[in-house]
Every structure is written in C-alpha cells, then in structure tokens.
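Results of the structural survey
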Amino acid sequence: MEAFTKGAEASGNEVKAFFLDGMEIHGCKGCFGGNSSRACPCVQKDGMMEVYPAVKEADVVVLATPLYYWNMSGQLRTAIDRLFALEEGGENLLRGHGRCCALLMAAEGSDFADVLTYYEHLAGHLQWKNLGHVLAGGNFAVGDIAGKKELEDAYSLGAGIC
C-alpha cells in the first residue's frame with residue numbers, strides 16, 4: 001500500500017487511507033434501513049461515518065489487505081458489506097459513477113484464486129473499472145516484502161492513475 005500511495009501521489013493524486021483494524025466498524029445488520037441521501041447513510045453510527053464520504057468522493061477505491069483464509073480480511077469484508085448503505089434509499093451512490101478499483105494483497109502463500117474471483121465479481125457488480133491487482137505471496141514475517149518486484153508493480157499501478 002505504501003508503494004502504491006507513493007506512485008499515486010507522485011502522479012498528483014490525493015490518497016486517503018483507512019486502517020480498518022483500528023476503527024470501530026460493526027457488521028451489517030441487513031436491516032435495509034440505509035439511505036444514500038443522509039450524511040451517514042447507515043443506521044449505525046461508527047467508523048464507517050469516515051469511510052462513506054471518502055468513497056462517495058473517490059475516483060479510485062483501492063482494496064489493500066492481507067490474504068486471510070483465501071479471502072480479504074474480515075475487517076475489509078465488513079466495511080465492504082456496510083457500503084451497501086450507499087446503494088439504498090435515494091440515489092445509488094456506490095455503483096458506477098466512473099469509479100475505478102484496484103486490489104493489493106500480501107500473503108504467506110500464493111493461492112489468490114478465490115479472492116480474485118470475489119474481487120472481480122465485486123468490481124462487476126459495482127460497475128467499477130478494474131485497474132488490476134498486485135498480489136505478493138511468500139511473505140512470512142514483517143519486512144519479507146522488502147525488495148520484491150511487487151512493490152515496483154504497486155508503485156507503477158499507483159503512478160498510472162490519472
């Protein structure tokens with residue numbers, strides 16, 4: 001994520017990052033009580049109140065996560081579920097709108113097939129242009145990713161955003 005951010009900022013883009021593990025974000029209740037026209041579209045008032053306006057304004061949404069049991073982290077999946085509130089009520093503020101997305105992942109292993117299927121379906125459902133992904137396997141300890149080609153790839157992906 002740091003390499004991507006450096007590349008994106010070097011190309012003149014503004015980057016807003018959310019570290020979800022440090023935010024209080026509750027799971028979706030499936031209540032269908034959301035309304036995109038409200039300042040906080042969800043009935044729950046938690047850390048997503050910071051995320052909603054950023055997603056509404058974003059041209060590109062980058063999902064950066066470690067691989068946990070062949071999928072995105074629970075924290076990221078919870079936030080994605082909660083984005084549904086932007087589709088409810090008034091105007092659908094999540095789908096389309098010319099947004100793009102990218103996926104950045106690191107893992108001990110290298111089997112990203114299941115998470116790529118989910119990510120591609122998510123991008124398709126949201127009608128977001130998929131800018132690609134950088135998947136870095138073989139990282140067992142903090143710092144193992146240092147010097148790997150995937151960092152250059154992430155920088156290039158960020159730098160290519162105009």
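First, a word on what this report is: a plain description of the structure on this page.

**A word on the pairing of strand 1 (residues 60-66)**
What you see with strand 1 is a clean split: Val61, Leu63 and Thr65 sit on the buried side and Val60, Val62, Ala64 and Pro66 on the side with no burial. Pairing analysis gives seven bridges linking strand 1 to strand 2 (residues 100-106), with the strands arranged parallel. In the strand pairing of strand 2, Val60 is matched with Cys100. The handedness of the strand 1 to strand 2 crossover, carried by helix 3 (residues 74-82), is right-handed.

**Brief notes about the pattern of salt bridges**
Per the counting criterion, the structure on display carries three salt bridges. For Glu87, the salt bridge identified is with Arg95, shortest N-O distance 2.6 Å. Asp153 serves as the salt-bridge partner of Lys149, at 2.7 Å between the closest nitrogen and oxygen. On the criterion of helical spacing, the pair formed by Lys149 and Asp153 is a turn pair, its members being four residues apart in helix 5 (residues 149-159). Taking the relative accessible area as the measure of exposure, Asp153 reaches 29% and is therefore partly exposed.

**A look at the side chain of Ser73**
Considering the arrangement of structural elements, one finds Ser73 in the loop between strand 1 and helix 3. Setting aside residues up to four positions removed in sequence, Ser73 forms contacts with Thr65, Pro66 and Tyr68.

**Quick look at helix 4 (residues 113-126)**
Taking 1.5 Å of rise per residue, the 14 residues of helix 4 would be expected to cover 20 Å, and the 20 Å separating its terminal C-alpha atoms lies within 8% of that figure. Elements that come into contact with the buried residues of helix 4 comprise strand 1, helix 3, strand 2 and strand 3 (129-136). Residue Gln127 follows helix 4 closely and has a positive phi angle near 60 degrees.

**What about the nonpolar core?**
In terms of nonpolar packing, the biggest core is built from 35 residues, with Tyr52, Leu63, Met72, Leu83, Leu103 and Phe112 touching the most fellow members. Taken together, the elements giving at least two residues each to this core come down to helix 2 (48-57), strand 1, helix 3, strand 2 and helix 4. Ranked by the residues each element gives to this core, the list is headed by helix 4, at six residues. If near-sequence neighbours (up to four positions away) are discounted, Leu63 is found in contact with Met72, Leu76, Ile80, Ala102, Leu103, Leu104, Tyr119 and Leu122.

Parameters and conventions
Residues numbered from 1 in each chain as written. Predicted model: local features only at pLDDT ≥ 70, side-chain atom pairs only at ≥ 80, totals over all residues. Heavy atoms only, no water. Buried < 20%, exposed > 50% of the residue type's maximum accessible area, 1.4 Å probe, protein only. Helix = DSSP H or I, 4+ residues; strand = E, 2+ residues; numbered from the N terminus. Pairing = 2+ DSSP bridges. Right-handed = clockwise from strand over helix to strand, strands pointing away. Salt bridge = Lys/Arg side-chain N within 4 Å of Asp/Glu carboxyl O. Contact = heavy atoms within 4.5 Å. Expected span 1.5 Å × (residues − 1). Core = buried A, V, L, I, M, F, W, Y, C linked by side-chain atoms within 4.5 Å.

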